[in-house]
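What follows is the residue order along each chain.
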Amino acid sequence: MVCSYNKAFATLTFLLYCLLLQVFVVSGSEFTFELPDNDKQCFHEELEQGIRFEIGYQVISGGNYDVDCFVTDPQDNVLYNEKKKQYDNFSHTTTMKGIYKVCFSNEFSTYTHKTVYLHFRHGEEQPLLESMSSVTALTQLESSCVTIHELIKTVTELQTRSRLRDALDHTKAEDLLKRVTFWSIGETLLLFVIGIGQVMMLRSFFTERKSSFRVG
C-alpha cells in the first residue's frame, strides 16, 4: 500500500515537474481584443537580431469576419501586408534589433466592430533540461519529459483551435438567429398586411354591389 502511494506520488511529482517546464519554456502571448469600426490597433515587441517570431490571427466576430493586417520592422519596412483576411499565419527572422510592430485595421468598416484573436511567439525553444543540450543520449526521465512536453504542446494547440472554432460557430449561430428572427417578423407583418388588404378588398366588392342594387 505504501509502495503504491509512493509510486503514485512520484508520478504526480514528475508530471508537475514537466508541466512547470512547459510553462517556463514557451515565449509569447495570446489574447483576443476588440477592434472598433474605423479604427486601427498596433502591438509592439522589442526583439534582438536573428530572432524568429511567428504571429497568427483569426477574426472571431463582426461583419464578414475579415480584417487588414500588416507587420513592420524597426525601420518601418513592411514585412507582411494582407487585406480583408479572416485568418492567417506569418513567421519571420529578424535582421536587426529594435521594435517590431503588428497592426490590425478595421478602417474599411463603417458600422461593424470586430473581435480578433492573436498569438505572438518569438525565440527558439530551449531544451527542457540543461543536460539535453549535449550530444549524449537522453535518459529515460529526459525522454519521458520530452514526450510529455510535446504532447502538452499538441493538446494546447488543439484546445486553442477548438475554442476558436467554438467561439466562431457561436457567433455565426447568433447572427443566423438574428436574421431568422427578423425574417420571421417581416413575414408575419407581411401576412397581416396581405390579410387586411384582402379583407378590405372583399368588403369593397360587397359594398359596390349593395350600392348598385339600391340605385336600380
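Under an unreviewed UniProt entry, the name given to the protein chain is Transmembrane p24 trafficking protein 3, and the organism recorded is Takifugu rubripes. Recorded in UniProt for the protein chain, the comment headed Sequence similarities (unreviewed entry) runs: "Belongs to the EMP24/GP25L family."

**What to know about the layout of surface pockets**
Remark: the empty space left among the atoms is shown by a probe the size of a water molecule rolled over them. There is about 280 Å³ of room inside the second largest pocket. In terms of lining residues, the second largest pocket is bounded by 14 residues, among which Gly62, Gly63, Asn64, Thr112 and Lys114 are the most central. When its residues are assigned to classes, the lining of the second largest pocket shows 2 nonpolar, 9 polar and 3 charged.

**Description of the nonpolar core**
Within the largest apolar cluster, 21 residues are counted, with the highest numbers of intra-cluster contacts made by Phe53, Ile55, Tyr57, Val71, Val102 and Phe104. Looking at this core element by element, the count peaks at 4 residues for strand β3 (residues 52-61). In contact with Tyr57, other than residues within four places in its own chain, are Val67, Cys69, Tyr80, Glu82, Lys85, Gln86, Tyr87, Asp88, Phe104, Val116, Tyr117 and Leu118.

**Brief notes about a nonpolar patch on the surface**
Together, Met201, Leu202, Phe205 and Phe206 give the surface a local cluster of nonpolar side chains, amounting to about 460 Å² of exposed area. Within the secondary structure, Met201 is located in helix α2 (residues 140-215).

**Some details on the pairing of strand β5 (residues 78-85)**
Sheet topology note: the strand β4 (residues 67-72)/β5 ladder contains 5 bridges and is antiparallel. Bridge pairing in β5 links Val71 to Tyr80. In this structure, the hairpin formed by β4 and β5 is closed by a connection of 5 residues, where Asp76 is found at a positive phi of approximately 65°.

**Quick look at the sheet that holds β5**
Strand order across the open sheet formed by 4 strands is β2-β7-β4-β5, with antiparallel pairing between neighbours. The strands lining the two open edges of the sheet, one partner per strand, are β2 (40-47) and β5. The mean inter-strand angle of the sheet, taken between neighbouring strand axes irrespective of direction, is 10°. The sheet contact formed by β4 and strand β7 (residues 98-105) spans 5 bridges and is antiparallel. From the neighbouring strand, Val71 faces β7, where its bridge partner is Val102.

**Here we look at the packing of aromatic side chains**
Going through the model one piece at a time under the given rule, you end up with 10 aromatic pairs. Arranged with centres 6.2 Å apart and planes meeting at 50°, the rings of Phe31 and Phe33 form a pair that is tilted. Relative accessible area serves as the criterion here: at 9%, Phe33 is assigned to the buried category. Through successive ring pairs, a cluster of aromatic residues spans Phe31, Phe33, Phe43, Tyr57 and Phe104. We note Lys172 situated over the ring of Tyr65; from NZ or CZ to the ring centre the distance is 5.5 Å.

**Examining the side chain of Thr115**
By the element assignment, Thr115 lies in strand β8 (residues 114-122). Engagement of the side chain of Thr115 in a polar contact is seen with the side chain of Glu34, the distance being 3.1 Å. Once you skip the residues sitting within four places of it in the chain, Thr115 turns out to touch Phe33, Glu34, Gln58, Val59, Ile60 and Ser61.

**Thoughts on the environment of His122**
In this structure, His122 sits in strand β8. According to the relative accessible area criterion, His122 is partly exposed, its value standing at 23%. On a C-alpha basis, the gap between His122 and Phe53 in space is 3.9 Å, while along the polypeptide they are 69 residues apart.

The rules behind the values
Residues numbered from 1 in each chain as written. Predicted model: local features only at pLDDT ≥ 70, side-chain atom pairs only at ≥ 80, totals over all residues. Heavy atoms only, no water. UniProt positions renumbered as here; feature names shortened; annotations may be inferred. 1 Å grid on protein atoms, 1.4 Å probe; cavity = no way out; pocket = protein on both sides within 12 Å on 5 of 7 lines; lining within 4 Å. Points joined across faces, edges and corners; volume = space filled by probe spheres on them. Nonpolar A, V, L, I, M, F, W, Y, C, P; charged D, E, K, R; others polar. Core = buried A, V, L, I, M, F, W, Y, C linked by side-chain atoms within 4.5 Å. Buried < 20%, exposed > 50% of the residue type's maximum accessible area, 1.4 Å probe, protein only. Helix = DSSP H or I, 4+ residues; strand = E, 2+ residues; numbered from the N terminus. Contact = heavy atoms within 4.5 Å. Patch = residues over 30% accessible without salt bridge, like charges linked within 9 Å, V, L, I, M, F, W, Y side chains within 5 Å. Areas by Shrake-Rupley, 256 points an atom, 1.4 Å probe, with all protein chains shown as cover. Salt bridge = Lys/Arg side-chain N within 4 Å of Asp/Glu carboxyl O. Pairing = 2+ DSSP bridges. Axes fitted to C-alpha atoms, helices over the stretch in contact; angles between N-to-C directions. Phe/Tyr/Trp six-rings, centres within 6.5 Å; stacked < 30°, edge-to-face > 60°. Lys NZ or Arg CZ within 6 Å of the ring centre and 35° of its normal. Polar contact = N/O pair within 3.5 Å; in protein donor to acceptor, adjacent residues only side chain to side chain.

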